[in-house]
Amino acid sequence: MSCETRLDAAVLADYWLGLVAESEAERLEEHLFGCEECSARLARVAEMAEGVRRLAREGSLLMVVSESFLKQAAEEGKRIRRYDPPKGGGVQCTVTAEDDLLIGGLAVDLREARRVDLSLCDPLGKEQMRLADIPFAAGAGSVLWQQSITFAKAAPNSTMVARLIDVGEAGEERVLGEYTFNHTRTLPGPGAW
Ligand SMILES: [Zn+2]
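Predicted model, so just to flag it, every value in this text is computed and none were measured. (Residues numbered from 1 in each chain as written. Predicted model: local features only at pLDDT ≥ 70, side-chain atom pairs only at ≥ 80, totals over all residues.)

Novice: What am I meant to see in the sheet that holds strand β7 (residues 142-147) here?
Specialist: In sheet architecture, strand pairing relies on hydrogen bonds along the backbone and comes in two forms, parallel and antiparallel. The strand order across the open sheet formed by 4 strands is β1-β7-β4-β2, and the pairing between neighbours is mixed. Of all the strands in the sheet, just β1 (63-65) and β2 (80-83) have a single pairing partner and so form its edges. Neighbour-to-neighbour, the strand axes of this sheet turn through a mean angle of 35°, independent of strand direction. By the bridge criterion, 6 bridges tie strand β4 (residues 101-107) to β7 in an arrangement that is antiparallel. What sits directly across from Leu 102, in β7, is Gln 147. The strands touched by helix α4 (residues 67-75) are β1, β2, β4 and β7; relative to β2, the strand with the most contacts, the crossing angle is about 145°. (Pairing = 2+ DSSP bridges. Helix = DSSP H or I, 4+ residues; strand = E, 2+ residues; numbered from the N terminus. Axes fitted to C-alpha atoms, helices over the stretch in contact; angles between N-to-C directions. Contact = placed C-beta atoms within 7 Å.)

Dropping the structure here:
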């Protein structure tokens, strides 16, 4: 027996992480109760979501985080290394073996931003990776970018340029801020100079 109104995996993930409204949750639960196929899919999504959540908490994901995420991490005893380069400027940074989370605080005015992308570029400005449509609070005054600590601990001396970009409806882009991270490897191992 196959389901004709298969619940979307993203919806299932939101449901599992408690991100849907109560009325929506009830609707989903009603469907899940009667549908073996979607229940089985929920189990797989839940496993994945837990894996992602664990990676996020371990600092191993490159992502945008909130002040409350950092506050909770600090309360759990996590060691947070944070750099706040000035907008348009740069900062010397590193990571040590004891650090759990690596955060870049990107000061920016988001009051008129619509869709914001975080673009990560090499020193020549060539984009290496982009997080599209990141979550942000218009009044926050900054974006907290978590670099994967696993990646950072293995990274050689290198320079990375982070850009916050406002993307308009027609796809036009406006740079809101640019920040240069000059990373010096302080951990021994391959990649150390
Ligand atoms: Zn179903």
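Additional details are given in the paragraphs that follow.
Novice: I would appreciate a short explanation of the environment of Lys 87 in the present structure.
Specialist: Along the chain, Lys 87 falls in the loop between β2 and β3 (90-93). With 18 residues separating them in the primary sequence, Lys 87 and Gly 105 have C-alpha atoms 10.0 Å apart. Residues contacting Lys 87, with those up to four places away along its chain left out, are Ala 107, Val 108, Gly 177 and Tyr 179.

Novice: Would you mind showing me how to read the nonpolar core here?
Specialist: Where a protein is soluble and globular, its nonpolar side chains tend to be buried together. Core analysis: the largest hydrophobic core is formed by 16 residues, its most contacted members being Leu 101, Leu 102, Leu 106, Val 143, Trp 145, Ile 149 and Leu 164. Of all elements in the fold, only β4, β5 (115-121), β7, α5 (149-154) and β9 (173-183) reach the threshold of two or more residues within this core. If one sorts the elements of this core by residue count, β4 sits on top with 4 residues. Ignoring anything within four residues of it in the chain, the contact list for Val 143 reads Val 64, Leu 106, Val 108, Leu 118, Ile 134, Phe 136 and Leu 164. Leu 12, Tyr 15, Cys 38 and Leu 42 belong to the second-largest nonpolar core, a separate cluster that totals 6 residues. (Core = buried A, V, L, I, M, F, W, Y, C linked by C-beta atoms within 7 Å. Buried ≥ 20, exposed ≤ 12 C-beta atoms within 10 Å, placed from the backbone.)

Novice: Any chance you could explain the environment of Ala 56 here in plain terms?
Specialist: Relative to the helices and strands, Ala 56 is located in helix α3 (residues 36-57). Along the backbone, Ala 56 and Arg 163 are 107 residues apart, and their C-alpha atoms lie at a distance of 22 Å. With sequence-adjacent residues up to four places away left out, Ala 56 is seen in contact with Leu 61 and Met 63.

Novice: How should the pairing of strand β8 (residues 158-167) be read in this particular structure?
Specialist: Successive side chains on a regular strand alternate, one facing one side of the sheet and the next facing the other. Relative to β8, β5 is paired through 7 bridges, and the arrangement is antiparallel. When the bridges of β8 are listed, Arg 115 appears paired with Val 167. Sheet topology places β8 next to β9; 10 bridges connect them, and they run antiparallel. In the strand pairing of β9, Val 167 is matched with Glu 173. Here β8 folds back onto β9, and the loop between the two strands holds 5 residues, one of which, Gly 171, carries a positive phi near 90°.

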